[in-house]
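Examination of the molecular architecture
Each chain is listed here by its residues.
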Amino acid sequence: MAPSSMDGHGVPALYGPAIDTLPFMFAIVDESGVILSTNETWDEFGRANGTDLAPETLGANYLDVAAAADDATGPQAADGIRAVLDGERPTFELEYPCHSPSTNRWFRLYAAAFTLDGATYASVTHIDVTARKEREAALESAYAICTDANRTFAEQLDALLAHGCETLGTPFGTLSRVHGDEYVFEAVVTPPTAALEAGRTASIDDLPNCGHVVEYREPLALSDVEAEAPALADPAWGIENYIGAPVVVDGAVYGTFCFYGLEPRAAAYTQWDLTFVRLLSDWVGYELERQRHAEQRHALNTALPDPSFVIDAEGRFIDCLTDPEAMVEVDDTDTLVGQTLHGALSADTADSLLATVRAALRTGTFQSVEYKLGAPGGERWFEARVAPLERRAYDLDTVVFVARDITAHKDRQAELERQRDELEQAQRLNVLGREIAKALQDTQTREGIESEVCTHLTDSDLYRAVWVGSRENATTVTLRTAAGIEEATQERLSAAEHSLAANAITTGEVQVVEDIAGAAAQSDGPLVPGASAVAAVPLTTGETTYGVLVVYAPTGATIGCRESAILADLGRLIALSVQRIHSQQSLQAATAVELEFLTPESGGVLADVSAALDCSFTLDRRVPTSDGDCLYYVRVSGADTDRVCRALTETPSVASCAVVEPAADRGPLLEVALDEVSASPLDALADYGGAVTKAVAADGDLRFAAEMAPDVDVRAVVETVRETAPGTELRSKQYVDRPVSTATDFQTRLRDRLTPKQAAALKTAYARGYYDWPRKSSAEELAETLDISAPTLHYRLRKAHDAVIGGLFDTATGFGDPD
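Just so it is clear, the structure is predicted and the values come from calculations on it, not from any experiment.

1. Describing the sheet that holds strand β14 (residues 308–312)
Sheet architecture is open: five strands sit in the order β15-β14-β18-β17-β16, paired in antiparallel fashion. The open sheet has two edge strands, β15 (317–320) and β16 (367–373), and neither has a second partner. Direction aside, the axes of adjacent strands within the sheet are offset by 25° on average. With five bridges joining them, β14 and strand β18 (residues 398–405) adopt antiparallel strand pairing. Bridged to S308 within β18 is V402.

2. Let's talk about the packing of helix α18 (residues 605–613) against helix α19 (residues 641–649)
As a packed pair, α18 and α19 sit with axes 10 Å apart at the nearest point and diverge in direction by 130°. In terms of their interaxial angle, α18 and α19 are classed as oblique. For the pair α18 and α19, the crossing hand works out as right-handed. Across from V605, L606, V609 and L613 in α18, the residues of α19 making contact are R643, V644, A647 and L648. For the contact of α18 with α19, the residue count by class is seven nonpolar, no polar and one charged.

3. So, helix α7 (residues 208–216)
Three or more residues of α7 are buried, namely P208, N209, C210, G211, H212 and V213. Against the buried residues of α7 lie β9 (182–189), β11 (220–222), α8 (225–228), β12 (241–249) and β13 (252–261). In the stretch just after α7, R217 is the one whose phi turns positive, near 50°.

4. Observations concerning the pattern of salt bridges
Tallied over the entire structure, the rule returns 26 salt bridges. Its salt-bridge partner being R316, residue D312 comes within 3.4 Å of it at the nearest N-O pair. Residue classification places D312 among the buried residues on the basis of a relative accessible area of 6%.

5. A word on the sheet that holds strand β5 (residues 91–97)
As a general point, the strands of a sheet are linked pairwise by backbone hydrogen bonds and lie either parallel or antiparallel. Strand order in the open sheet made by the five strands is β4-β3-β7-β6-β5, with antiparallel pairing throughout. With partners counted over all chains shown, the strands left at the sheet margins are β4 (35–38) and β5, one partner each. Going from strand to strand, the sheet's axes swing by 20° on average, the running direction of each strand aside. Sheet topology note: the strand β3 (residues 25–30)/strand β7 (residues 119–128) ladder contains six bridges and is antiparallel. Opposite I28, over in β7, you have S123 as the bridge partner. Against the sheet, helix α4 (residues 73–85) engages β3, β5, β6 (106–116) and β7, with an angle of about 170° to β5.

6. Here's the deal with the pairing of β15
The pairing of β14 with β15 spans three bridges and is antiparallel. Its bridge partner lying in β15, F309 is registered against C320. Between the end of β14 and the start of β15, which pair antiparallel, lie four residues, with G315 showing a positive phi angle near 80°.

7. Quick notes on the side chain of T481
With respect to the secondary-structure elements, T481 resides in strand β20 (residues 477–483). Discounting chain neighbours no more than four positions away, the residues touching T481 are E450, S451, C454, V466, W467 and V468.

8. Quick notes on the packing of aromatic side chains
In this structure the tally under the stated criterion is 13 aromatic pairs. Taking the centre distance of 5.6 Å and the plane angle of 20° together, the rings of F114 and Y121 count as stacked. Owing to a relative accessible area of 21%, Y121 belongs among the partly exposed residues under this scheme. Relative to Y260, the ring of F172 lies with its centre 5.1 Å away and its plane at 5°, an arrangement referred to as stacked. Placement of F172 in strand β8 (residues 172–179) and of Y260 in strand β13 is noted, with a sequence separation of 88 residues between them. In this pair, the class of F172 matches that of Y260, namely buried. Directly above the ring of W381 sits K410, whose terminal nitrogen or CZ lies 4.6 Å from the centroid.

9. Focus on the nonpolar core
Ranked by internal contacts, the top residues of the largest apolar core, which has 69 residues, are L457, L549, L567, F617, L648, L670 and V672. Of the residues forming this core, the biggest block, eight residues, is contributed by helix α17 (residues 561–588). Among all residues touching L549, those that are not within four sequence positions of it are V453, L457, V466, W467, V468, A535, A536, V537, L539, L570 and I574. In terms of nonpolar packing, the next biggest core, distinct from the first, is built from 29 residues, L160, L161, L280 and V284 among them.

10. Some words on the packing of helix α5 (residues 130–146) against helix α6 (residues 153–168)
Where α5 contacts α6, the two axes come as close as 9 Å, and the packing angle between them is 170°. The angle between the axes of α5 and α6 places the two elements in the roughly antiparallel class. Facing α5, whose interface residues are A138, S141, A142, I145 and C146, α6 presents Q156, A159, L160, H163 and T167. Partitioned by chemical class, the residues of the contact of α5 with α6 number six nonpolar, four polar and no charged.

11. Focus: the pairing of β12
With eight of its nine residues buried, β12 lies for the most part within the structure. Pairing geometry for β12 and β13, over nine bridges, is antiparallel. The residue bridging V247 from the neighbouring strand is G255, located in β13. Following β12, the chain reverses through two residues before pairing antiparallel with β13; D250 in that reversal takes a positive phi of roughly 55°.

12. A look at the environment of L493
Positionally, L493 belongs in the loop between β20 and α15 (495–507). On the basis of relative accessible area, L493 is assigned to the buried category, the value being 7%. Through-space distance from the C-alpha of L493 to that of V528 is 9.1 Å; in sequence the pair is 35 residues apart. Ignoring anything within four residues of it in the chain, the contact list for L493 reads W467, V477, L479, H498 and L527.

13. Comments concerning the confidence of the model for the protein chain
Averaged over all residues, the pLDDT of the protein chain is 82; the fraction at 70 or higher stands at 86%. Below a pLDDT of 50 lies the segment residues 1–6, which in the model reaches seven contacts outside its immediate sequence neighbourhood of four places, other chains included. Considering only residues more than four positions removed or in separate chains, one finds that residues 329–333, a stretch of pLDDT under 50, has seven contacts.

Criteria and cut-off values
- Residues numbered from 1 in each chain as written.
- Predicted model: local features only at pLDDT ≥ 70, side-chain atom pairs only at ≥ 80, totals over all residues.
- Heavy atoms only, no water.
- Pairing = 2+ DSSP bridges.
- Helix = DSSP H or I, 4+ residues; strand = E, 2+ residues; numbered from the N terminus.
- Axes fitted to C-alpha atoms, helices over the stretch in contact; angles between N-to-C directions.
- Parallel < 35°, antiparallel > 145°, perpendicular 65-115°, else oblique.
- Left-handed = near helix turned anticlockwise from the far one by under 90°.
- Contact = heavy atoms within 4.5 Å.
- Nonpolar A, V, L, I, M, F, W, Y, C, P; charged D, E, K, R; others polar.
- Buried < 20%, exposed > 50% of the residue type's maximum accessible area, 1.4 Å probe, protein only.
- Salt bridge = Lys/Arg side-chain N within 4 Å of Asp/Glu carboxyl O.
- Phe/Tyr/Trp six-rings, centres within 6.5 Å; stacked < 30°, edge-to-face > 60°.
- Lys NZ or Arg CZ within 6 Å of the ring centre and 35° of its normal.
- Core = buried A, V, L, I, M, F, W, Y, C linked by side-chain atoms within 4.5 Å.
- pLDDT = per-residue confidence, 0-100.

Spelled out as structure tokens, the structure:
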């Protein structure tokens, strides 16, 4: 499409000045690599750093300069850009360091080819990624400190505090413990001149910032305490900037992990800074909790009686010092004396214990080993603690053997490992979800969405197989797309898999089966052979479910609550992407499917009043507001306007009813505000990208029609409408031609620039004649209608106006999904 122009301005003429405003370096090279154009950021960087690509060298060959660079990234960049110009690859990206004597910097190079009048060119962009690299380095350093087994916990704390001070640019870093009405400074990092040491105490009242963190159990960041939170200013310490997070141990606040300074901070703390501090405080809380549990376990093991024996070098029980029944089943202690470890225990366990006994005798030192035994109540873990007897009271080489039950410790350890594995799985799934969201942004078909999702999930090795299906009926689904499955056919789906997927669609919640092979044992077996945990994830947004995503975990893995929650979010993301595709297809299609519905005795507010007053309502506009309510602008005929308003106002779910236009060619226009918005069939049509063309309530019935994309799944649309409005009938289906106009595309892009709150304010203002002259509604009346303040209304209208006017000129902006 040829570039458009407006008000005498050619859009291409605006590109140069616009590119000069970009905060990254941008250049255009011809097919041989000669620099044809650079933006101002490129030129400024060249002047400031004395590079070979200064402005006066336009016309230089970028590829030659890059290939001659001293480091390896220069030739890499030259080869990559040359491959783009030669058509061997569509784009090229490379991250590289570009350090100066005073600072370290990193950039990401991005090159893409384009053609103009038959000639090939490439755009070359250098984006500064130094901030991201520095944050990654900060996290890597923190991880290295936390996992350094050669440091004690106290040393790790000091190192973390020092690292936090360096990263955040603060002079003070402390770990403080709440003790009654005081704080005890457990670990501190301070300037050399500061008189603050570990072990010092301070009143809670003297440190209101820390007190706030402890009381509300949430992080706090203030770059200027006096300006941002005067109530938290402390004259005693004079803290002027503060960032800290609570340290939680066993569910209770232990204290605070914080960093601060005595001067206001020039730059405000960022969300990343707050997350960084919270990660450190979480690790400190975990370590303190782990140490506390270890100390408790040690105290319990020391205080409680354990089975104890005297055993000789041959593994024979010489004496039983305590009751041995917790370790082995015997009738009485005498029956055990004289037996050997091999006679009382399994061969493998006996071998391990005997080796420990002999090691203690050989070295003359304490030895220990862990082992497990089967018991009536289930498998239990023990720690054998073995110490040689120095005095030969038994006239043999003997040891004292104490069997300590460590089952609880092992269970706790296994649970922590499970939680750690689950957390790692959730973190990986979160990262994958962001990658999938990015991949779906440019996907233009539903099949493409399903293929991208299946491929990403199986390529990540988080799941060994994935498929997407849609509902066929109440108990079966139709397999649409799959990955990781050798023979993915509809016929191979087991009854258990049909049931699992159908339940997810029906309930709108993630359904999990721990062993699909066991659940499908009665049939021909599951689609993916072998035991596996399976989750069925509904693809749901609003009141519409587009299908189900079924994932098969690797053998032996489980799908926990945290993972299910992330999968549910992924299902909503997929559904929103499908909804976007439907909307785009509906808006862009030259041919549409027109569906007309009838809901007899619908039970809706307008339908009930139409039956009671023998009138009819024609929907003119429907505006959902930001607080979940909804405004209906309807034209009424067949009844007195005041009588209709009274009847509507007396209905419990109607918050208000106002006459916007007392008389008009199409009848009076009413504004009806509903404060209890239930699911509407119009919502379902909108979710499928449909444009509602008619909605009339008369004689208690509701008739409505919508134009849909030609390839829409009509059966799915009808089922969804019937779920929100039972008894609805599809009265007609026909294909209609409609021109695809650039005006529609333009309006769609404008809507995408508005937030829901801005859109609600703008639509309400337009519907109520705020833009007519003379105005039919004042700003105060609009604000009252939307239940917001007049300044808030003006703010939202100004932002909406900016978005609309900006859309008139910003033709290079990429737009999102239509609402």
